[in-house]
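The chain contents come next:
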Amino acid sequence: MFSFKQEIDFTGYSFIVPSVSVGNVPQLTVDAVIETLQLEPIGLLWSPALIPIVGAPAFEHTANDTVTTTAELYISKAEKLLVLQIRAPLVGPLRQSFLDELSDFVRDRKFSHVVLLASCFSHEKCDIRTGPFRYVANEQYEQTAHAGRLQDERWTKHAGGVIHGGGYASKLLETLTIRSVPAVIFFMYVSEGDNTTEGLMLARMLNAIMGDRLLSAGKTDFRWPNSWKHLFGSAHPRALY
């Protein structure tokens, strides 16, 4: 399932995993993290559960190294951080086997914890007095030193059960919990459209919940990758009017 360019000891690493969710906000967030930290492409994932895609490089700093595929792994050895970028939903009947394999990998490689990113339909947000950010943490995560950052007025604990539009995030959290892996879902209520702004907003909150590890010294905000210029294709032909 995993193909790495080199063997890495992931003991103590943090692992960021996006769920294919409404507006693709988690994927946009991961794009911004990879671009800003200039993360090194370290490996690929393959599985019958992954819909195959291929395209031009998504990031300028990796243009000579790789093409864009369905599922890629990026690393920061300095920050002990592994990031998964996944660009297509999972094949339904094979979803659980993929999540089982991914969870086994996390447990066997002794990662410190997993941060799952998701988004949820904005019309499911019932409490207008709070912001758009929510989290769901398992008991193992709440016992780690990272849990202290969950106490912040910018986000609140999700008490609504299902994360509508959140893809496989809840199921992956459940699978990781069975394996005693500390994990937290961090998500945002959004409406579908041009969600680049929400992607950057979620990246900023992710940086906060991870202890400001995602913005290196001298950087005040996340960068757009060049591939975002092509999210909606070319402009409409003026001859139409």
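Let me begin by describing the structure that accompanies this report. All residue numbers refer to position in the chain's written sequence, counted from 1. Local features in this predicted model are restricted to residues of pLDDT 70 or higher, and side-chain atom pairs are both shown and tallied only at a pLDDT of 80 or more, whereas totals for entire chains, interfaces and linings draw on every residue. Only hydrogens and water are set aside; all other atoms, that is, all heavy atoms of the structure, feed into the side-chain values.

## Re the pairing of strand β9 (residues 133–137)
In regular strands, side chains alternate between the two faces of the sheet.
In step 1: For the exposure calls, accessible area comes from a 1.4 Å probe over protein chains only, and a residue counts as buried if that area is under 20% of its type's maximum, exposed if over 50%, partly exposed in between. The helix and strand labels rest on DSSP assignments: H or I over at least four residues marks a helix, E over at least two residues marks a strand, and numbering proceeds from the N terminus. In terms of burial, β9 is a largely internal element, four of the five residues being buried.
In step 2: In this scheme, strands are said to pair when DSSP sees at least two bridges between them. With five bridges connecting them, β9 and strand β11 (residues 183–190) associate as antiparallel partners. Residue pairing across strands places Val-136 opposite Ile-185, the latter belonging to β11.

## Focus on the packing of helix α2 (residues 95–108) against helix α4 (residues 169–178)
In step 1: Comment: axis = line fitted to C-alpha atoms, over the contacting stretch for helices; angle = value between 0 and 180 degrees taken between N-to-C directions. Where α2 meets α4, the axes come as close as 9 Å, and the angle between the chain directions of the two elements is 45 degrees. Relative to α4, the element α2 is oriented oblique. Considering the relative orientation of α2 and α4, their crossing is right-handed. Every residue of α4 that contacts α2 at Arg-95, Gln-96, Leu-99, Asp-100, Leu-102, Ser-103 and Val-106 is listed here: Lys-171, Leu-172, Thr-175 and Leu-176. Roughly parallel covers angles under 35 degrees, roughly antiparallel covers those over 145, roughly perpendicular covers 65 to 115, and oblique covers all other angles. Crossing chirality is assigned from the near helix's rotation relative to the far helix, an anticlockwise turn below a right angle marking it left-handed and a clockwise turn marking it right-handed. Two residues qualify as a contact provided that any one of their heavy atoms is within 4.5 Å of a heavy atom in the partner residue.

## Some details on the sheet that holds strand β7 (residues 81–86)
In step 1: Taken together, the nine strands give an open sheet; going across it, the order is β1-β3-β6-β7-β2-β8-β11-β9-β10, and neighbouring strands pair in mixed fashion. At either margin of the open sheet sits one strand with a lone partner, and together these are β1 (2–4) and β10 (155–157). The average undirected angle you get between the axes of adjacent strands in this sheet is 25 degrees.
In step 2: One ladder, built from three bridges, connects strand β2 (residues 14–18) with β7; its direction is parallel. From the neighbouring strand, Phe-15 faces β7, where its bridge partner is Leu-82.

## A word on the packing of aromatic side chains
In step 1: Note on aromatic contacts: the rings of Phe and Tyr and the six-membered ring of Trp form a pair at centre separations within 6.5 Å, being stacked when their planes are under 30 degrees apart, edge-to-face when over 60 apart, and tilted otherwise. By the definition in use, this model includes 15 aromatic pairs.
In step 2: On the basis of an interplanar angle of 5 degrees and a centroid distance of 6.1 Å, the ring pair of Phe-2 and Phe-4 is categorised as stacked.
In step 3: With 5.3 Å between their ring centres and 90 degrees between their planes, Phe-10 and Tyr-13 make a pair best called edge-to-face. Considered together, Phe-10 and Tyr-13 belong to a single accessibility category, that of buried residues.
In step 4: An aromatic cluster is defined as three or more aromatic residues linked by ring pairs; in this entry it consists of Phe-2, Phe-4, Phe-10, Tyr-13, Phe-15, Phe-105 and Phe-111.

## Observations regarding the pattern of salt bridges
In step 1: In what follows, salt bridge is the name for a side-chain nitrogen of Lys or Arg lying within 4 Å of a carboxyl oxygen of Asp or Glu. Within this structure, the stated rule accounts for 13 salt bridges.
In step 2: Here Arg-213 ties to Glu-79 by a salt bridge, and the two come within 3.7 Å at their closest N and O atoms. Of this pair, Arg-213 sits in the segment after α5 (196–209) while Glu-79 sits in the loop between β6 (71–76) and β7; the two residues are 134 residues apart in sequence, bridging distant segments of the chain.
In step 3: Looking at Glu-79, the relative accessible area reads 31%, which means it is partly exposed.
In step 4: Each of the salt bridges in this network shares a partner with another, and the network as a whole consists of Asp-100, Asp-104, Arg-107, Asp-108 and Arg-179.

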